[in-house]
Amino acid sequence: MTYEADAGARGFQALCSDIGRLPKNHRIRPLVEAARKIRTLPEVDRLAGLRAVARQGAGMLPEHRTELAAVMDRERHSLPAPEVMHGFQLLAMHSAGLIPQQEGWREPELHWHIDVQPDAERAAAFHEIVRETAGWLPEHRVTAERFLAGHLSSLPVEERTAAFEALVERSKGMPADCREVMLTELTARIGELPQTSCLGAFVSIRDQVDDLGPVGQTAVLGNLMRRVGFLPVDDRVAGLEAMRLPELNLPREQEAALLQRAASCIRSLPESGRLSTMQTILTECRELDTRHRFEVLNSLANEIEHLPAQEQLAGYRAIQSEGKGLPPALQVELLETLAWGITKLPRRDRLPAFMGNWAQIMDLPPALAPEALCGLMQRIGNLAAEDHLGGFEAVRVPSMNMAPDAQLEILTRLAREIAHVAGPNRMACFNALRTQCMNLPAQHQAAALKSLAASISHLPETDRLAGFEAIRAQAADLPPECEAAVLKALKQNIRWLPHANRLAAYNTLEAQIEELPPELRDWVLM
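Values in this document were obtained by computation on a predicted structure and should not be read as measured data.

**With respect to the overall build of the protein**
Helix and strand counts for the protein come out as 27 helices and zero strands. Against the globule reference of 24 Å for 526 residues, the protein gives a C-alpha radius of gyration of 38 Å, more extended than a compact globule. Taking the principal axes of its C-alpha atoms as reference, the protein extends roughly 115 × 55 × 40 Å. A separation of at least 24 residues holds for 69% of the contacts in the protein among residues at least 6 apart in sequence. Element-wise, carbon and sulfur atoms account for 51% of the exposed surface of the protein, whose accessible area totals about 23100 Å². Of the side-chain charges in the protein, 56 are positive and 69 negative, and the distance between the mean point of each set is 2 Å.

Quick look at the structure:
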């Protein structure tokens, strides 16, 4: 039996009829070859060709049916666009063994292109497809029902809720992997429902995940939480509460991922429900291991700015308090995130938050305190102007008891922060750093003084010469190599002095440079 491309649709149909006379176990090879020729038919005849192949495949052994289905799946894509889903219908019915070997048989007429039907007939067409696909294999049902979900918006608004519920009901009998795909698709369509139906749809999807397994539950619920913003504002807290995460007994990793997703929903809630939701998440994350608890707390810290202004400090303190139960290294990481959040707080709340961080840092092991203080000091400039000096001193004073290396790191960074202190307090901060570094070893003292030299430009103009001269005089007590390094830094920053003071300052500096050993003098003057 052969078929030539130019024999036309009639010849193809005759070939399929001949194949149908063979014993069932001998049909597979010629049917596969015939199916591969479907794309050579005129476009208008390809669906009929696919139907003929499917009809002759009836009653095959399961393994033969699967082999033929793979070829049919490829060939259906050669059909004209309006007929592709009809080809899929034939494939699905063949795979499920629903096609009789009967001359003249045709598949039930389903109106797949719902959007071109008259408005009054669309819902009926939708539900007819739902009924007809009930006997298909799950992998084909999920494709058909995802297709239908994509056409929910084509239905009249008053028909969409019933259609959505029909698809949710159909998903119940699917294997877990197919149900996960279907529920994810339906989740994406919640925004197409009437507002009054959205919360019910939200809850109905949540109720289908209990036996999906941790990975599937996490995927479906994570996508569902992303849609909280599609609920009416007054239903959003209820939607998030409907997740009922503790009931799932998820592995810690999945539970943490969902709690982080819940944290990101806080900004979508009505303001009256944001702090209480944050507190609920804080309570639920206490059962997590330390790393995952940190990740949830860190996510919550990024949501503080979305709380009502009068509740932001309360949220900040609640997270900070929970963070005290973390290992010290993770506390430092969380404190860094919280310190950044100080910039978003109302100005009146910034100092209390700053000092709350400071108090927690004071309880950390000495080796970790410098890193945490460095993160905190960057927020000094975000405090109210009258609090700058207090914030500066809160960081500087504890550093006096630190090892030289740690103390130097704090002093060097604080020298840069002078630029962010209110103008009248800058000279006081400058002198406090300069005085403190006198107690450091010579090399550390020189490094601190170099940093201060670079900050002369941030002093009020009337204070710059005094700052310059104070560093120069202090450098005179250092070993020559250290003194030279400081004098070179002063020489590079002399341009920041008022014009009237520069010549005298340069002459004094040059006289001190002349006292250095020749090789150091030449290096400074170079």
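From this point, things continue past the structure.
**Details of the packing of helix 17 (residues 328–341) against helix 18 (residues 347–362)**
For the pair helix 17 and helix 18, interaxial distance at closest approach is 11 Å and the crossing angle is 165°. Taken as axis vectors, helix 17 and helix 18 run roughly antiparallel relative to one another. As helix 17 packs across helix 18, the resulting crossing turns out to be left-handed. Two secondary-structure elements touch here, helix 17 through Gln331, Leu335, Leu338 and Ala339 and helix 18 through Asn357, Gln360 and Ile361. Here the residues of the contact of helix 17 with helix 18 are counted per class, giving four nonpolar, three polar and no charged.

**Concerning the packing of helix 19 (residues 369–377) against helix 21 (residues 404–417)**
At their nearest, the axes of helix 19 and helix 21 sit 10 Å apart, and the two run at 5° to each other. In terms of their interaxial angle, helix 19 and helix 21 are classed as roughly parallel. Taking contact as the criterion, the partners of Pro370, Leu373, Cys374 and Met377 in helix 19 are, on helix 21, Ala406, Glu409, Ile410, Arg413, Leu414 and Glu417. Counted by class, the contact of helix 19 with helix 21 contains seven nonpolar, no polar and three charged residues.

**Quick word on the pattern of salt bridges**
Counting across every chain of the model gives 27 salt bridges. For Asp119, the salt bridge identified is with Arg122, shortest N-O distance 3.4 Å. With Asp119 and Arg122 both in helix 6 (residues 119–132), this residue pair falls three residues apart, about one helical turn. Taking the relative accessible area as the measure of exposure, Arg122 reaches 14% and is therefore buried. With its nearest N and O atoms 3.7 Å apart, the salt bridge here joins Glu333 to Arg291. Linking Glu333 in helix 17 with Arg291 in helix 15 (residues 290–301), this pair joins segments that are 42 residues apart in sequence. What makes Arg291 partly exposed here is its relative accessible area of 39%. Bridged by salt links that share partners, the residues Arg146, Glu185, Arg189 and Glu192 form one connected network.

**Comments concerning the environment of Gly229**
Residue placement: Gly229 occurs in the loop between helix 11 (214–226) and helix 12 (236–241). With a relative accessible area of 36%, Gly229 lands in the partly exposed category. Gly229 sits 40 residues away from Leu269 along the chain, and the two C-alpha atoms are 7.7 Å apart. Ignoring any residue separated from it by four or fewer positions in sequence, one finds Gly229 in contact with Arg236 and Ser268.

**What about the confidence of the model for the protein?**
Per-chain confidence: the protein averages 92 in pLDDT, with 98% of residues scoring 70 or above. Low pLDDT, under 50, characterises residues 1–7; the stretch is placed with 13 contacts to residues that sit more than four places away or in other chains.

**Observations concerning unusual backbone geometry**
Phi is positive for Arg244, close to 45°, though the residue is something other than glycine. With respect to the helices and strands, Arg244 occurs in the loop between helix 12 and helix 13 (252–265). Residue Asn249 is not a glycine yet carries a positive backbone phi of 50°.

**Details of helix 23 (residues 442–454)**
For helix 23, with 13 residues, the first-to-last C-alpha span of 19 Å sits near the 18 Å given by 1.5 Å per residue. Buried residues of helix 23: His444, Gln445, Ala446, Ala448, Leu449, Ser451, Leu452 and Ala453, and no others. Where the residues of helix 23 are buried, they touch helix 21, helix 22 (426–437), helix 24 (464–475) and helix 25 (480–493).

**A look at the side chain of Arg141**
Along the chain, Arg141 turns up in helix 7 (residues 138–149). For Arg141, a relative accessible area of 9% translates into the label buried. With near-sequence residues (within four places) excluded, Arg141 lies in contact with Thr133, Ala134, Trp136, Arg170, Gly173 and Met174.

**Looking at helix 10 (residues 195–206)**
Each α-helix winds once per 3.6 residues, and so residues spaced three or four apart point in a common direction. Regarding helix 10, the residues found buried are Ser197, Cys198, Ala201, Phe202, Ile205 and Arg206. Buried residues belonging to helix 10 abut helix 8 (157–171), helix 9 (176–187), helix 11 and helix 12.

**Some words on the packing of aromatic side chains**
Within a pair of aromatic rings, the relevant descriptors are the distance that separates the centres and the angle that separates the planes. According to the stated counting rule, one finds three aromatic pairs in the structure shown. Seen in terms of ring centroids, Phe88 and Trp136 are 5.9 Å apart; in terms of plane orientation they differ by 70°. Their pairing is edge-to-face. Of the two residues, Phe88 sits in helix 5 (residues 84–95) while Trp136 sits in the loop between helix 6 and helix 7, which places them 48 residues apart along the sequence. Exposure class is identical for Phe88 and Trp136. Each is buried. Put simply, the rings of Phe88, Trp112, Trp136 and Phe147 touch in pairs and so form one group of aromatic residues.

**Details of the environment of Cys16**
Residue placement: Cys16 occurs in helix 1 (residues 8–20). When the C-alpha atoms of Cys16 and Ala52 are compared, they prove to be 6.3 Å apart, with 36 residues separating the residues in sequence. Leave out the neighbours within four places in its chain, and Cys16 touches Ala52, Val53 and Gln56.

What counts and what doesn't
- Residues numbered from 1 in each chain as written.
- Predicted model: local features only at pLDDT ≥ 70, side-chain atom pairs only at ≥ 80, totals over all residues.
- Heavy atoms only, no water.
- Helix = DSSP H or I, 4+ residues; strand = E, 2+ residues; numbered from the N terminus.
- Rg over C-alpha atoms; globule rule 2.2 N^0.38 Å.
- Contact = heavy atoms within 4.5 Å.
- Areas by Shrake-Rupley, 256 points an atom, 1.4 Å probe, with all protein chains shown as cover.
- Lys, Arg positive; Asp, Glu negative; His and termini not counted.
- Charge placed at Lys NZ, Arg CZ, Asp CG, Glu CD.
- Axes fitted to C-alpha atoms, helices over the stretch in contact; angles between N-to-C directions.
- Parallel < 35°, antiparallel > 145°, perpendicular 65-115°, else oblique.
- Left-handed = near helix turned anticlockwise from the far one by under 90°.
- Nonpolar A, V, L, I, M, F, W, Y, C, P; charged D, E, K, R; others polar.
- Salt bridge = Lys/Arg side-chain N within 4 Å of Asp/Glu carboxyl O.
- Buried < 20%, exposed > 50% of the residue type's maximum accessible area, 1.4 Å probe, protein only.
- pLDDT = per-residue confidence, 0-100.
- Expected span 1.5 Å × (residues − 1).
- Phe/Tyr/Trp six-rings, centres within 6.5 Å; stacked < 30°, edge-to-face > 60°.

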